[in-house]
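An overview of the molecular structure
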Amino acid sequence: EDATTATTTNNNACGMAFIYFGYSSKDHEGGGGARFLYLEDLYLEPAFRRKGGGTLALKSLTKIGLALDCSYLLWTALDWNQPALNLYSKMGAVVQDGLRISRYKDDELLRFANVDISI
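These figures come from a predicted structure and were not determined experimentally. (Residues numbered from 1 in each chain as written. Predicted model: local features only at pLDDT ≥ 70, side-chain atom pairs only at ≥ 80, totals over all residues. Heavy atoms only, no water.)

Time to look at the nonpolar core. Counting residues in each nonpolar core, the largest one holds eight residues, listed as L37, L39, L58, L61, C70, A84, L87 and Y88. Taken together, the elements giving at least two residues each to this core come down to strand 2 (34-44), helix 2 (53-67) and helix 3 (82-90). Among the elements that take part in this core, helix 3 stands out by supplying three residues, more than any other. Discounting chain neighbours no more than four positions away, the residues touching Y88 are L58, W75, A77 and A93. Counting residues in each nonpolar core, the second largest holds five residues, with A34, F36, Y38 and L74 among its members. (Core = buried A, V, L, I, M, F, W, Y, C linked by side-chain atoms within 4.5 Å. Buried < 20%, exposed > 50% of the residue type's maximum accessible area, 1.4 Å probe, protein only. Helix = DSSP H or I, 4+ residues; strand = E, 2+ residues; numbered from the N terminus. Contact = heavy atoms within 4.5 Å.)

Packing of helix 2 against helix 3 leaves a shortest axis separation of 11 Å and a crossing angle of 55°. Between helix 2 and helix 3, the crossing angle belongs to the class labelled oblique. In this structure, helix 2 crosses over helix 3, and the sense of that crossing is right-handed. Contacts between helix 2 and helix 3 involve G54, T55 and L58 on the former and, on the latter, L87, Y88 and K90. Considering only residue class, the contact of helix 2 with helix 3 consists of three nonpolar, two polar and one charged. (Axes fitted to C-alpha atoms, helices over the stretch in contact; angles between N-to-C directions. Parallel < 35°, antiparallel > 145°, perpendicular 65-115°, else oblique. Left-handed = near helix turned anticlockwise from the far one by under 90°. Nonpolar A, V, L, I, M, F, W, Y, C, P; charged D, E, K, R; others polar.)

So, about the sheet that holds strand 1 (residues 15-24). Pairing is mixed in the open sheet, where three strands are placed in the order 1-2-3. Here the strands that pair on one side only, and so sit at the sheet edges, are strand 1 and strand 3 (72-75). Put simply, the sheet's adjacent strands are angled 35° from each other on average, direction ignored. Sheet topology note: the strand 1/strand 2 ladder contains 10 bridges and is antiparallel. Note that in strand 2 the partner of A17 across the bridge is L42. (Pairing = 2+ DSSP bridges.)

With that settled, the discussion passes to the packing of aromatic side chains. Going through the model one piece at a time under the given rule, you end up with four aromatic pairs. Note on Y20 and Y38: the rings are 5.0 Å apart at their centroids and 35° apart in plane angle, and the pair reads as tilted. Within this pair, whereas Y20 is found in strand 1, its partner Y38 is found in strand 2, the two being separated by 18 residues in sequence. On the basis of relative accessible area, Y20 is assigned to the partly exposed category, the value being 40%. Judged by its relative accessible area of 12%, Y38 is buried. Relative to F112, the ring of Y104 lies with its centre 4.4 Å away and its plane at 20°, an arrangement referred to as stacked. The ring of F21 is capped by R35, whose NZ or CZ atom sits 4.8 Å from the centre of that ring. (Phe/Tyr/Trp six-rings, centres within 6.5 Å; stacked < 30°, edge-to-face > 60°. Lys NZ or Arg CZ within 6 Å of the ring centre and 35° of its normal.)

Before going further, it helps to spend a moment on the pattern of salt bridges. Here the structure, examined in full by the defined rule, presents one salt bridge. Residues K105 and D106 are paired through a salt bridge, measuring 3.9 Å at the closest nitrogen-oxygen approach. K105 sits in the partly exposed class, given a relative accessible area of 41%. Residue D106 is classed as exposed on the basis of its relative accessible area of 53%. (Salt bridge = Lys/Arg side-chain N within 4 Å of Asp/Glu carboxyl O.)

Geometry only, nothing functional implied.
In structure tokens:
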């Protein structure tokens, strides 16, 4: 049984997608600003992996984004998650060169904000 059949005949969820909308001051092709749909996390139940569940989820998200006037769908993937990277490649997604993700967390976040973290 593939994910499309399972979701349409049994009304069972095969996973979860956590999304939000954003707006970029310029798109990634160098043009003007653009509204986008950001996929924060995608989880598929193991029974639906490699059976079309990921493709179904991403196609559904793409349709939602287009219906809400988004110019693109954006997400990140960990470099060790080869099954996900293979799926994205198979679907024609383009990995952006030269993009690095940065973050502050915990003590680094407090230090950067000049907050006294001493007890």
